Structure formats: structure tokens, C-alpha cells
Amino acid sequence: MTVDLRPYDAAADADALYELKVAFERGLGDATGGDGKAATYEGKLTDAYRESWLAWVDRCVDDDPRCVTVAVDADEETQDRAVVGYVFVLPERLAFVWDAAVINELYVVPEHRGTGVADDLMDAAVALAGDQTLPLDRVVLDVDAANERARAFYDRHGFESWGEMVARPIDD
């Protein structure tokens, strides 16, 4: 297994990135909130959502190509290359959303967890954040309290609780 990091390439990576995004979303719904949350997350994964999300990714990458970094595993025998993870850092122009750099998503396929791929993606995210001009010298992300594996990973990388996110439906 040889995993390399590189900036996302829409022409080559869009389908694979979206497959990982779907796995990320399904993991959020299934593992961290019961049937209601799982149904909500599953319900948004439509063709229209795919198109809108990939267009948003492209706009962010237009700001800074490093906003989305992919991890690519090259099979030495077959020469096949597969995207096995990604990290999505919001571009600097959105820093005022949280007054900090924002890691929007970090995902690694289960078969590559525990191999250092996530560590490498986190290092890429922190390096990008370090190059951004930010109101506060911080990197923030949202992690569900029930996601113990992710929380342990972020703890290991020096993240600490910094407030709590709450949500409600708009149509109530």
C-alpha cells in the first residue's frame, strides 16, 4: 500500500470524492444519532444534492486548490489508484463563519483507518490553516460526542472542546 496526498482534481476525482462523501454522511447518520438522524442524512443524498455539493467543492477549490486534499492508494501490482480518504478545509474567505479555519470534513475508508492516512490528511489541513489569515489562530471542526473513534483521533491531534453546536429544523 502506497498512499499519496494531492489536491483534489475534479476531472479525475469527482465520482470517487462523492462516494466518500456519501459514506461520510451515512456514517454520521448511522453511528451518531439513531434512526431519525440516519433517515435525515440519507434523505438528502439525492442527485440534486450531489450536483450542488460538487459545484460547491469546485468553488472552494477555485479559492485554494488545497481546500480539498485526497489520499490516493496506488496498488503496486495492478497500478490501480483509488481515492481512500479526503479532508475538506473551508477556504479563507469563509473564516469569519467561525472566526477560525474550519475543517468541514475528514474521512478515510474503513480499510485504511489506523494506517496513518488520517494523520497525514490532518497534517495537510493544519498546514493549510496555518497559511490562512484568520481572526483567531485556531482550527475548528464539528464532531459528534457519540463518535468516540473520531473524538480520540482529534484529541490526539490537540483538539479540545470549544463550545457546543446545537441545531433545529428550519420549518418548525
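Residues numbered from 1 in each chain as written. Predicted model: local features only at pLDDT ≥ 70, side-chain atom pairs only at ≥ 80, totals over all residues. Heavy atoms only, no water.

## What about the sheet that holds strand β2 (residues 68–74)?
Logical step 1: Spatially, β1-β2-β3-β4-β5 is the arrangement adopted by the 5 strands of the open sheet, whose pairing is mixed. Two strands lie at the open edges of the sheet, namely β1 (2–7) and β5 (139–140), each paired on one side alone.
Logical step 2: Where β2 and strand β3 (residues 81–89) come together, 7 bridges link them in antiparallel fashion. Directly across from A74, in β3, lies its bridge partner R81.
Logical step 3: Taken strand by strand, helix α4 (residues 117–131) contacts β1, β2, β3, β4 (101–108) and β5, and its axis lies near 165° from that of β4. (Pairing = 2+ DSSP bridges. Helix = DSSP H or I, 4+ residues; strand = E, 2+ residues; numbered from the N terminus. Contact = heavy atoms within 4.5 Å. Axes fitted to C-alpha atoms, helices over the stretch in contact; angles between N-to-C directions.)

## Some details on helix α5 (residues 148–156)
Logical step 1: If you check which residues of α5 are buried, you get A150, F153 and Y154. Buried residues of α5 fall within an arc of 95° about the axis and therefore sit on the same side. The exposed set on the far side of α5, more than 90 degrees from its buried face, consists of E148 and R156.
Logical step 2: Packed against the buried residues of α5 are β4 and α4.
Logical step 3: Phi turns positive, to about 85°, at G158, one or two residues after α5. (Buried < 20%, exposed > 50% of the residue type's maximum accessible area, 1.4 Å probe, protein only. Arc of directions from axis to C-beta.)

## Let's talk about a nonpolar patch on the surface
Logical step 1: Taken together, the side chains of V97, W98 and M165 make up a nonpolar region of the molecular surface, amounting to roughly 320 Å² of accessible area.
Logical step 2: By secondary structure assignment, the location of V97 is in the loop between β3 and β4.
Logical step 3: Overall, V97 belongs to the exposed group, its relative accessible area being 53%. (Patch = residues over 30% accessible without salt bridge, like charges linked within 9 Å, V, L, I, M, F, W, Y side chains within 5 Å. Areas by Shrake-Rupley, 256 points an atom, 1.4 Å probe, with all protein chains shown as cover. Salt bridge = Lys/Arg side-chain N within 4 Å of Asp/Glu carboxyl O.)

## Some thoughts on the pairing of β2
Logical step 1: The buried fraction of β2 amounts to 7 of the 7 residues, a majority that puts the element mostly inside the structure.
Logical step 2: On β2, burial covers both faces: V68, V70, V72 and A74 on one face and T69, A71 and D73 on the other are all buried.
Logical step 3: Of the strand pairs in this sheet, β1 and β2 are connected by 6 bridges, and their pairing is antiparallel. Bridge assignment links P7 to a residue of β2, and that residue is T69.

## With respect to the packing of aromatic side chains
Both the distance between ring centres and the angle between the ring planes are used here to describe each pair of aromatic rings.
Logical step 1: Following the criterion strictly, the structure yields 6 aromatic pairs and no others.
Logical step 2: Considering the side-chain rings of F24 and Y107, the 6.4 Å spacing of their centres and the 85° angle between planes classify their relative orientation as edge-to-face. Separated by 83 residues along the polypeptide, F24 in helix α1 (residues 10–31) and Y107 in strand β4 bring together distant segments of the chain.
Logical step 3: Taking the centre distance of 5.6 Å and the plane angle of 65° together, the rings of Y154 and F159 count as edge-to-face.
Logical step 4: Residue class for Y154 comes out buried when judged on its relative accessible area of 10%.
Logical step 5: By relative accessible area, which is 16% here, F159 ends up buried.
Logical step 6: Every member of this aromatic cluster is reached through a ring pair, and the members are Y18, W53, W56 and F88. (Phe/Tyr/Trp six-rings, centres within 6.5 Å; stacked < 30°, edge-to-face > 60°.)

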